[in-house]
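# Observations on the model geometry
Listed below, chain by chain, are the residues.
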Amino acid sequence: MSALNRIRKIYPEVESVVDASKDMDIVVEKRDTTSSKVRNHKECALAHAARRIEGVNGALINVTTAYIIKGDKAFRYKLPESVSLEIVSFDREAGFDIGEYHLHRPAPADKLHALRPGGHGKRTGKGKKIRQIHFTGNVRRKGDVEE
Amino acid sequence: MKALAIVQQFYPDVKYIRDATKSLEIEVTDRDCQTAAVKKHRDCALAVACKHMATVDGAIVATSAAYLVRGDTATRYKVPASVAREIVSFDRSGEFYPGTYWLDKPFHKLGAPGASGSNQRRAKPKPKAGFMQLRRGIRADLRKAAAPAA
């Protein structure tokens, strides 16, 4: 499912998804952490804090990517590691530290429709052993967007 | 504070530090999670799991670096983001998910000049320094951590 389809499940008015061109600062306050819900993209502490910013209609926060809704557009940001750590902590009911956080505009290689390398070579079974990826458990999942 | 001084706070017998040359796979079990202590560099779930390995005498695990002690030598590893998230979660709630984790070989070697040491002329003006979000509710910075009782 594409990013636009996932966003439209919650914000049907969104017409397009674009990469943000500037970084964004969000201040998380105590009230954001108390009124929010764990493992919920739309209602987490960071999403609550983002919605207080003028012009922002909504927000969807993943572990590494955030979509900020302004009118009929969803702006895509990348979350730095410091924010991802807080989100994992929050989803496991261990709290979200209040303070100022910074969302990054996606790097050129991270942009929507950017070409990604790999996957063209023939597998011979003689190369480097494929490393098992660890998936962080008990947190929100990319596909599980609740309406 | 230098890496050796940091490690000697926890393991005074260590005399040498070296960078890992290979990544290391570590299996964290339920038992490791139950016997571990929060906000303790030497006794967190990952450190307990490391100490199960036959050749490891001790381990120090921070949010960005880990040191495995074998005899008088400590080997430095880089802690990847997926592990750092588990560490923060563990320090705040005592929850560390059992599973297979990796410690990486460091990208920046000990003694190598940092990224800021370049004498290349800058094409663009230096951007304004950003603020740093400090994480609370987790173990102390290794450079400031008080030496624990042995």
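Preceding this section is the structure that the text describes.
The paragraphs below set out a description of the structure included in this document. Note that the coordinates shown come from a computational prediction; the quantities given were computed from them, not determined experimentally.

Thresholds, definitions, all that
- Residues numbered from 1 in each chain as written.
- Chains lettered and ligands numbered in written order.
- Predicted model: local features only at pLDDT ≥ 70, side-chain atom pairs only at ≥ 80, totals over all residues.
- Helix = DSSP H or I, 4+ residues; strand = E, 2+ residues; numbered from the N terminus.
- Buried ≥ 20, exposed ≤ 12 C-beta atoms within 10 Å, placed from the backbone.
- Pairing = 2+ DSSP bridges.
- Axes fitted to C-alpha atoms, helices over the stretch in contact; angles between N-to-C directions.
- Core = buried A, V, L, I, M, F, W, Y, C linked by C-beta atoms within 7 Å.
- Contact = placed C-beta atoms within 7 Å.

Let us now look at unusual backbone geometry. Of note in this structure, Arg39(A) is not a glycine but carries a positive phi near 55 degrees. Looking at the element boundaries, Arg39(A) is found in the loop between α2 (30-34) and α3 (45-51). Look at Arg39(A) and you get partly exposed, because 17 C-beta atoms sit within 10 Å. Located in the positive-phi region is Lys39(B), a residue other than glycine, with phi close to 60 degrees. Considering the arrangement of structural elements, one finds Lys39(B) in the loop between α2 (30-35) and α3 (45-51). Assessed through the 15 C-beta atoms surrounding it within 10 Å, Lys39(B) is described here as partly exposed.

Residue and element names in this part refer to chain A. Across the sheet, four strands lie side by side as β1-β5-β4-β3; this open sheet has mixed pairing. Strands with a single pairing partner mark the edges of an open sheet, and in this sheet they are β1 (16-19) and β3 (58-61). On average, each strand axis in the sheet is tilted by 25 degrees relative to the strand beside it, whichever way the strands run.

Looking now at the nonpolar core. Counting 64 residues, the largest nonpolar core has Leu46(A), Leu46(B) and Ala66(B) as the members making the most contacts within it. No other element matches α3(B), which puts six residues into this core. In this structure Leu46(B) touches Ile26(B), Val28(B), Val61(B), Val83(B), Ile87(B) and Tyr101(B), once residues within four positions along its chain are discounted.

Shape is all these values report; function is a separate question.
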